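Residue-level structural notes
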Amino acid sequence: MKLLKDFSKTLSSPVFKVLQEVIANSDAKGFVIGGFVRDHLLNRSQKKDIDIVALGSGIDLALAVQKKLPGAKGVQIFKTYGTAMVQWEDIDLEFVGARKESYSKESRNPEVKPGTLEDDQNRRDFTINALAISLNPEDYGTLIDPFNGLKDLEQGILRTPLDPDITYSDDPLRMMRAIRFATQLDFTIDSASFDAISRNAHRIDIITKERIVEELNKILMTPKPSKGFILMEKTGLLKRILPELIDLKGVEEIEGQKHKDNFYHTLEVVDNLCKNSNDLWLRWAALLHDIGKAPTKKFKPPVGWTFHNHEFVGAKMTYRLFKRLKMPLNEKMKFVQKMVFMSSRPIIIAEEQVTDSAIRRLVFDAGPFIDDLITLCEADITTKNPERFKRYHNNFKIVREKIIGVEEKDHLRNFQPPISGEVIMKCFNLKPSREIGLIKEAIKEAILEGEIPNEQKAAFEKMKTEGKKLGLIFHEKTI
Ligand code: ATP
Ligand code: MG
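Throughout, residues of each chain are indexed from 1 in the direction in which the sequence is written. Written order determines the labels here, with chains lettered from A and ligands numbered from 1. Side-chain atom pairs in this predicted model are given and counted only at pLDDT of 80 or more, local residue features only at pLDDT of at least 70, and totals for whole chains, interfaces and linings cover all residues. For the side-chain quantities, the full set of heavy atoms in the structure was used; hydrogens and water were omitted.

**Some thoughts on the environment of Ile-473**
Positionally, Ile-473 belongs in the segment after helix H25 (456–469). For Ile-473, a relative accessible area of 64% corresponds to the exposed category. Dropping the residues within four chain positions of it, Ile-473 is found in contact with Cys-427 and Phe-428. Numbering of helices and strands runs from the N terminus, with a helix taken as a DSSP run of H or I at least four residues long and a strand as a DSSP run of E at least two residues long. To sort residues, take the accessible area from a 1.4 Å probe on protein chains only and compare it with the maximum for the residue type: under 20% means buried, over 50% means exposed, and anything in between is partly exposed. Any two residues whose heavy atoms approach within 4.5 Å at even a single point are treated as in contact.

**A closer look at the state of the cysteines**
Here, the term disulfide refers to a pair of cysteine sulfur atoms separated by no more than 2.5 Å. Scanning the entire structure with this criterion turns up zero disulfides. The thiol sulfur of Cys-274 is not disulfide-bonded, and the nearest other cysteine sulfur, from Cys-377, lies at 16 Å. The exposure class of Cys-274 is buried, given its relative accessible area of 9%. Its relative accessible area of 1% is what places Cys-377 among the buried residues.

**Some points on the pairing of strand S2 (residues 49–55)**
Judged from the five bridges that link them, strand S1 (residues 29–33) and S2 form a sheet pairing that is antiparallel. Within S2, the position partnered with Gly-30 by the bridge is Ala-54. Any two strands with at least two DSSP-identified bridges between them are counted as paired. Here S2 runs beside strand S5 (residues 91–97); their pairing, made up of six bridges, is parallel. Bridge pairing links Asp-51 to Glu-94 in S5.

**So, the pattern of salt bridges**
Each salt bridge in this description consists of a side-chain nitrogen of Lys or Arg and a carboxyl oxygen of Asp or Glu lying within 4 Å of one another. Under the counting rule described, the total for this entry stands at 32 salt bridges. Note that Glu-215 and Arg-180 form a salt bridge whose closest N and O atoms lie 2.7 Å from each other. With a gap of 35 residues between them, Glu-215 in helix H10 (residues 209–220) and Arg-180 in helix H8 (residues 173–185) connect regions that are remote in the sequence. In this structure, Glu-387 and Arg-391 form a salt bridge, with 3.3 Å as the shortest nitrogen-oxygen distance. With a gap of four residues between them, Glu-387 and Arg-391 both fall in helix H22 (residues 386–410), about one helical turn apart. Exposure remark for Arg-391: the relative accessible area of 39% places this residue in the partly exposed category. Connected via shared salt-bridge partners are Arg-99, Glu-101, Asp-120, Arg-123 and Arg-124.

**A short note on the site of ligand 1**
Nearness of a residue to a molecule or strand requires only that one of the residue's heavy atoms be within 4 Å of it. Around ligand 1 sit 16 residues in total, of which Arg-38, Arg-124, Asn-129, Asp-171 and Arg-174 are the nearest. A distance of 3.1 Å is found between an oxygen atom of ligand 1 and a side-chain nitrogen or oxygen belonging to Arg-124. Note that accessible areas follow from Shrake-Rupley with a 1.4 Å probe, and for residues the cover is restricted to the protein chains shown. Protein contacts shield 79% of the accessible area of ligand 1, which totals 580 Å² for the unbound molecule. Secondary structure elements with two or more residues in the shell around ligand 1: helix H3 (35–41) and H8. Residue contributions to the shell around ligand 1 peak at four residues, all from H8. Note on residue categories: nonpolar means Ala, Val, Leu, Ile, Met, Phe, Trp, Tyr, Cys or Pro, charged means Asp, Glu, Lys or Arg, and polar means any other residue, Gly included. In terms of residue class, the shell around ligand 1 is made up of one nonpolar, three polar and twelve charged. Any pair of N or O atoms that falls within 3.5 Å is considered a polar contact. Within protein, one atom must be able to donate a hydrogen and the other to accept it, and sequence-neighbouring residues count only if both atoms are side-chain atoms.

**Describing the domain arrangement of the chain**
A common way to express how large an interface is: the accessible area buried when the components associate. How far each domain reaches was decided by an automatic or database domain assignment. You can read the domains of the chain as domain 1 (8–155), domain 2 (156–241) and domain 3 (421–478). Computed from C-alpha coordinates alone, the two centres of domain 1 and domain 3 are separated by 69 Å.

**Description of unusual backbone geometry**
Pro-301 connects to Pro-302 through a cis peptide bond whose omega is 5 degrees. Mapped onto the secondary structure, Pro-302 falls in the loop between strand S14 (298–300) and strand S15 (304–306). A positive phi angle is found at Asn-148, which is not glycine, with a value near 60 degrees. Relative to the helices and strands, Asn-148 is located in the loop between strand S9 (143–144) and helix H6 (149–155). Phi at Glu-255 is positive, roughly 45 degrees, even though this residue is not glycine.

**Looking at the pairing of S5**
A large share of S5 lies buried, amounting to five of its seven residues. Of the strand pairs in this sheet, strand S4 (residues 83–88) and S5 are connected by six bridges, and their pairing is antiparallel. Looking at the pairing, Met-85 lines up with Glu-94 of S5. The hairpin turn running from S4 into S5, its antiparallel successor, is two residues long, and Glu-89 in that turn takes a positive phi close to 50 degrees.

**Some remarks on the side chain of Arg-99**
Relative to the elements of secondary structure, Arg-99 occurs in strand S6 (residues 99–102). By relative accessible area, Arg-99 is classed as buried at 15%. Among the polar contacts made by the side chain of Arg-99, one reaches the side chain of Glu-101 at a distance of 3.2 Å. Ignoring anything within four residues of it in the chain, the contact list for Arg-99 reads Tyr-81, Val-112, Lys-113, Pro-114, Gly-115, Asp-119, Asp-120 and Arg-123.

**Section: the environment of Val-96**
With respect to the secondary-structure elements, Val-96 resides in strand S5. Taking the C-alpha atoms as reference points, Val-96 and Asn-43, 53 residues apart in sequence, are found 25 Å from one another. Apart from the residues within four sequence positions on either side, Val-96 is in contact with Ile-52, Val-53, Ala-54, Gly-82 and Thr-83.

Listed below in structure tokens is the structure:
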């Protein structure tokens, strides 16, 4: 990989000019470190998070910098961590005093003492994240690279500065970070690190679910998340975090009949989906769409392998999984559940002669998420047979066109009953009762079947006929 080693333009930008000046006029020293330096060298879309490590008071530096940046927000100080944040335009500057850390076994929160720049670089997770640039007058702009991070960047390798077993055991979140960076940057994890992660995988249990999910989300937001999930699987992390996916692994054969490996299939679906959607939650849906297949798998001659009701079971598992991982149990979870639950519906429709009423029912049930659902189903096409691949995609093209047609006519996406319960009660002089539900259901069915359009007038007539069938008397005057 060719690195962008010239920092001159960046270092002469307004923020850095201010940093340079403030540091030159103070007793403290300052260095840019970590992600900012790494991403600059990789020429990745320039990030607006700048981490500054200070020898001396980081808080004082922050206060002085804030004064010199016109319009910068007041400094946020976190005394316990000795850190201070300054926000200016779209840039977040974070100042931290250089520190030395020592860890205990039970927690990833170390005991922290002030240290040298070298101590601070030693405690960094990867050599490529330990690169620092001096902002001090005597050597402004010099890269300080004690662990050959530059070479690792060039070669695309994730390596820990110190003994990997200690690094990962001290703070097991780093195992997730290693895999996340490997996926985001398409880097290789150094083999000593990989082995250390495999040995320390159990330590992930001391990390809070929220931090783990943060890394999972970052992996899911890369263009090819399968890389990260395969690394998690190989190192033994995945079975501790998402055992539901591990249960999808493997191929069984009975009487010469095999089913596909649903773990690798799932990862292929996720990668496919990522080409067409940036929606984190749809990506989660792709990841979980088949989890119900493990507990429902049965061999039933003469049919072969079946996964009866796996969508329903999968939707229930989705809730439990979100709960266990302390993920939001809000409309996002419901969306993922709905996608999992409905993930086979369009496939069945696409395989058969598509009737308008089947399309109407699909749109009615999927509501505002119909497009997401079809996008998911298209990603689900992983057949290696080119003829079939083309045919399946073409079927979904037809389904999409039909959806548009039905939508133009009947607007079912956000279906509201055209006749309300109150109107029905008034017209037949009814108290709340079973009949009202029956009439409403009959109207909805008639619309979905295409007997009547989704319009008030037609629905009103339908209401009258249905009322009559139930022996109700229609009161003309009430309308
Ligand atoms: P990104 O912002 O894309 O996640 P980053 O490298 O900037 O990448 P941050 O979490 O912002 O990651 O952390 C900033 C720097 O702090 C890192 O580059 C690394 O040097 C250090 N760091 C962060 N988390 C850890 C950790 N768990 N162990 C050791 N060092 C860490
Ligand atoms: Mg960062």
